[in-house]
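Descriptive analysis of the structure
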Amino acid sequence: MTTLAVCPGSYDPITLGHLDVVRRSLTFVDEVVIAVAHNPAKRSLFSVEERVDLAQRAAEELGLAGVTAEPVDGLLADFVRARGATMIVKGLRGSGDFEAERTMALLNRHMSGVETVFVMGDQGLNHVASSYVKEMAEFGAQLTGLVPEVVRTALVAAYEGERT
Ligand code: PNS
């Protein structure tokens, strides 16, 4: 039986921190779906279609086999049930992430019966967050080591007009 992990997030945009969690998930499941979902609490820079495309190309850039990126249209619980997912996998950077993640994990289990498994990301990528990466891109900072090349190019293009 093929095991499938769904790694959900807003991915606006995907970072090397997110991809580290995907890579670690592939050590205990056969396939990973990077599920690009809407977070009503966040205003996004990239459209869902752009975020899916960037996530797919980023996984390819890093040579991660068995990974696809897909949009989540509605509740994550419905998505994981429809896909027959074995588990939801999320990365934890530190205690700041914990409370919100705990609540989401319990609600998703209540709605779908699917468990959420948490993995600790690479310590060297602990500081990488999409929100700060966007802020850095906006002010022309160096993004190497934080995001894959496809994402760096997309971020530079997104803010190019604003700085010229
Ligand atoms: O990267 P984020 O913004 O922390 O991810 C949060 C996300 C997108 C995974 C969460 O908002 C989500 O699951 N959204 C889909 C809609 C949904 O199922 N909401 C109920 C969550 S219990």
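The structure we're discussing is the one just above.
Below is a summary of the structure that appears in this document. (Residues numbered from 1 in each chain as written. Predicted model: local features only at pLDDT ≥ 70, side-chain atom pairs only at ≥ 80, totals over all residues. Heavy atoms only, no water.)

Secondary structure assignment for the chain yields six helices and five strands. If you list the helices and strands of the chain from N to C, you get β-α-β-α-β-α-β-α-β-α-α. By the compact-globule yardstick of 15 Å for 164 residues, the chain fits well, its C-alpha radius of gyration being 15 Å. Over its C-alpha atoms, taken along the principal directions, the chain stretches across nearly 50 × 30 × 30 Å. Relative to its 164 residues, the chain shows a buried fraction of 43%. (Helix = DSSP H or I, 4+ residues; strand = E, 2+ residues; numbered from the N terminus. Rg over C-alpha atoms; globule rule 2.2 N^0.38 Å. Buried < 20%, exposed > 50% of the residue type's maximum accessible area, 1.4 Å probe, protein only.)

Bringing the nonpolar core into the picture now. Within the largest apolar cluster, 36 residues are counted, with the highest numbers of intra-cluster contacts made by I14, V32, I34 and L155. When contributions to this core are tallied by element, the ones reaching two or more residues are β1 (4-9), α1 (16-25), β2 (31-36), α2 (48-61), β3 (67-71), β4 (87-92), α5 (130-138) and α6 (149-163). Ignoring sequence-local partners within four residues, the contact set of I14 consists of L19, I34, L54, A55, A58, V147, P148 and V151. Within the second largest apolar cluster, twelve residues are counted, among which are V6, A37, V72 and V80. (Core = buried A, V, L, I, M, F, W, Y, C linked by side-chain atoms within 4.5 Å. Contact = heavy atoms within 4.5 Å.)

The next thing to look at is the packing of helix α3 (residues 76-83) against helix α4 (residues 95-112). It is the contact of α3 with α4, at a shortest axis distance of 9 Å, that shows an interaxial angle of 50°. The orientation of α3 with respect to α4, classified from their angle, is oblique. Considering only the axes of α3 and α4, their crossing is right-handed. Here L76, A77, V80 and R81 of α3 come into contact with α4, specifically with N108, M111 and S112. (Axes fitted to C-alpha atoms, helices over the stretch in contact; angles between N-to-C directions. Parallel < 35°, antiparallel > 145°, perpendicular 65-115°, else oblique. Left-handed = near helix turned anticlockwise from the far one by under 90°.)

Bringing α2 into the picture now. Its 14 residues give α2 an end-to-end C-alpha distance of 20 Å, which sits within 8% of 20 Å, the value for a rise of 1.5 Å per residue. Of the residues flanking the end of α2, it is G63, one or two places downstream, whose phi is positive at about 70°. (Expected span 1.5 Å × (residues − 1).)

Moving on, we get to the site of the ligand. The environment of the ligand is formed by 14 residues, the closest being S10, H38, N39, K42 and L76. Within the contact set of the ligand, an oxygen atom lies 2.3 Å away from a side-chain nitrogen or oxygen of S10. At a separation of 3.2 Å, a nitrogen atom of the ligand approaches a polar backbone atom of H38. Protein coverage of the free-state accessible area of the ligand, which is 540 Å², stands at 81%. For the shell around the ligand, the element with the highest residue contribution is α4, accounting for three residues. (Near = heavy atom within 4 Å. Polar contact = N/O pair within 3.5 Å; in protein donor to acceptor, adjacent residues only side chain to side chain. Areas by Shrake-Rupley, 256 points an atom, 1.4 Å probe, with all protein chains shown as cover.)

Before going further, it helps to examine the sheet that holds β3. The five strands lie next to each other as β3-β2-β1-β4-β5, forming an open sheet whose pairing is parallel. Every other strand in the sheet has two partners, leaving β3 and β5 (116-120) as the edge strands with one partner each. Across the sheet, the mean angle from the axis of one strand to that of its neighbour is 30°, orientation sign disregarded. Where β1 and β2 come together, six bridges link them in parallel fashion. Bridging across to β2, C7 finds its partner in I34. On top of the sheet, α1 reaches β1, β2, β3, β4 and β5; it is set at about 135° to β4, its chief contact. Docked against the sheet, α4 engages β4 and β5, running at close to 175° with respect to β4. (Pairing = 2+ DSSP bridges.)

Honestly, it's all geometry; don't read function into it.
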